[in-house]
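# Observations on the model geometry
Okay, here's what each chain looks like letter by letter:
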Amino acid sequence: MANTELHMGHASGQNTEERLSRDVSFSILSNHRRRYVLHHLKRVGEPTTIRELAEQVAAWENDCEIEELTYKQRKRVYTSLHQTHLPKLDTYDIIDYEQGRGVATLTDRATDLDIYLEVVERDDVPWSQYYLGLASVSLAVLAASGLGLPFFVQIPGLTYAAGIAVALLLSASVHAYQTRQARLGATELPAGVEPSTPTSERNGILSRLLGTR
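Residues numbered from 1 in each chain as written. Predicted model: local features only at pLDDT ≥ 70, side-chain atom pairs only at ≥ 80, totals over all residues. Heavy atoms only, no water.

### Describing the pattern of salt bridges
In total, this model carries five salt bridges according to the counting rule given. For the salt bridge of Glu55 with Arg74, the shortest nitrogen-to-oxygen distance reads 2.6 Å. Here Glu55 is found in helix α4 (residues 50–62), whereas its partner Arg74 is found in helix α5 (residues 71–91), with 19 residues between them in sequence. Judged by relative accessible area, Glu55 falls into the buried class, the value being 16%. Judged by relative accessible area, which is 23%, Arg74 ranks as partly exposed. For Asp112, the salt bridge identified is with Arg109, shortest N-O distance 3.9 Å. Comparing Asp112 with Arg109, the two get one shared label, buried. (Salt bridge = Lys/Arg side-chain N within 4 Å of Asp/Glu carboxyl O. Helix = DSSP H or I, 4+ residues; strand = E, 2+ residues; numbered from the N terminus. Buried < 20%, exposed > 50% of the residue type's maximum accessible area, 1.4 Å probe, protein only.)

Printed below as a string of structure tokens:
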């Protein structure tokens, strides 16, 4: 599989001087291990060994500290990165992977992946639908005022304008903040990874809970 991906990447005549296409970008970012690798490389900002990458990715995957990883957990991620994910990133010149030394370095081309993916939780509304709804409500209120409907006609037009402007400003501010947080490397942990509780702390909590019974 890895060899097929690499062959397709070279056969397509991918020019490292051109920007990555949208399809390629989404293909790269579709795998969480590649996202985790890029996130970590952006955070450290220096060449990193595959061993360090594998340990960090495995820790995020298993929701634990690096010291708590088992040999199988480390080995599984190490093999996957070495055989598939790092070579693919290297093929598109997103990283420079020196297999002989086992070192990966982020390239300037990685900035092509600084795209904003709108991640919507199960009960949340996409921003596009939110802005559509906000615009619809604003137009409805203005229409009611223009038609002279009771209550609406009593509010000055400047008040409507100020209210709509404030709503847009607050919405855009929250949207911009969430967008920055979604960018790879912008936060300590990649998107979807919750802070882990060390085993010693978990054991202490469990002991206290058992002691109260």
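### Some points on the packing of helix α3 (residues 32–44) against α4
Packed helices, taken two at a time, are described by their axes: the angle between them and the distance between them. Where α3 contacts α4, the two axes come as close as 10 Å, and the packing angle between them is 120 degrees. The orientation of α3 relative to α4 falls into the category oblique. Our pair here, α3 against α4, has a crossing hand that is right-handed. Contacts between α3 and α4 involve His32, Arg33, Tyr36, Val37, His39, His40, Leu41 and Val44 from the former and Glu52, Leu53, Gln56, Val57, Trp60 and Glu61 from the latter. (Axes fitted to C-alpha atoms, helices over the stretch in contact; angles between N-to-C directions. Parallel < 35°, antiparallel > 145°, perpendicular 65-115°, else oblique. Left-handed = near helix turned anticlockwise from the far one by under 90°. Contact = heavy atoms within 4.5 Å.)

### Digging into the pairing of strand β2 (residues 95–98)
Here β2 shows one buried face, formed by Ile95 and Tyr97, and one open face, formed by Asp96 and Glu98. As judged from the four bridges shared by β2 and strand β3 (residues 103–106), these two strands associate in the antiparallel manner. When the sheet's bridge partners are listed, Asp96 is paired in β3 with Thr105. (Pairing = 2+ DSSP bridges.)

### Observations concerning the sheet that holds β2
In spatial order, the strands read β1-β3-β2; together these three strands make up an open sheet with antiparallel pairing. Strands at the two margins of the open sheet, each flanked by one partner only, are β1 (48–49) and β2.

### Focus on the pairing of β3
A regular strand places its side chains on the two faces of the sheet in alternate fashion. Where β1 meets β3, two bridges bridge the pair, whose relative direction is antiparallel. Paired with Thr48 across the bridge in β3 is Ala104. Between β2 and β3, which pair antiparallel and follow one another directly, the connecting turn spans four residues, one of which, Gly102, has a positive phi of 70 degrees.

### Regarding the nonpolar core
Counting 28 residues, the largest nonpolar core has Ile28, Leu86, Ile94 and Ile95 as its most contacted members. Listed by contribution, the elements that provide at least two residues to this core are α2 (22–29), α3, α4, α5 and β2. (Core = buried A, V, L, I, M, F, W, Y, C linked by side-chain atoms within 4.5 Å.)

### Some points on α3
Compared with an ideal rise of 1.5 Å per residue, which puts 13 residues at 18 Å, α3 spans 18 Å between its outermost C-alpha atoms and is within 8% of the ideal. Listed as buried for α3 are Arg33, Arg34, Tyr36, Val37, Leu38, His39, His40 and Leu41. As for α3, its buried residues are in contact with α2, β1, α4, α5, β2 and β3. Where α3 begins, the side chain of Asn31 points an oxygen toward the backbone nitrogen of Arg33, at a separation of 2.9 Å. (Expected span 1.5 Å × (residues − 1). Polar contact = N/O pair within 3.5 Å; in protein donor to acceptor, adjacent residues only side chain to side chain.)

### Regarding the environment of Leu142
One can find Leu142 in helix α6 (residues 127–146). Overall, the relative accessible area of 40% leaves Leu142 in the partly exposed class. Taking the C-alpha atoms as reference, Leu142 lies 7.5 Å from Tyr160; in sequence the two are 18 residues apart.

### Quick look at the environment of Arg34
Relative to the elements of secondary structure, Arg34 occurs in helix α3. Among the residues examined, Arg34 registers a relative accessible area of 5% and is labelled buried. Distance from Arg34 to Leu81, taken between C-alpha atoms, is 8.2 Å for residues 47 residues apart in sequence. What Arg34 contacts, discounting residues up to four positions off in sequence, is Ser27, Ile28, His85, Lys88 and Leu89.

### Observations regarding the packing of aromatic side chains
Summed over the entire model, instances satisfying the criterion amount to three aromatic pairs. Ring plane angle 75 degrees and centroid distance 5.6 Å describe the contact between Phe151 and Phe152, whose orientation is recorded as edge-to-face. By relative accessible area, Phe152 is classed as partly exposed at 26%. (Phe/Tyr/Trp six-rings, centres within 6.5 Å; stacked < 30°, edge-to-face > 60°.)

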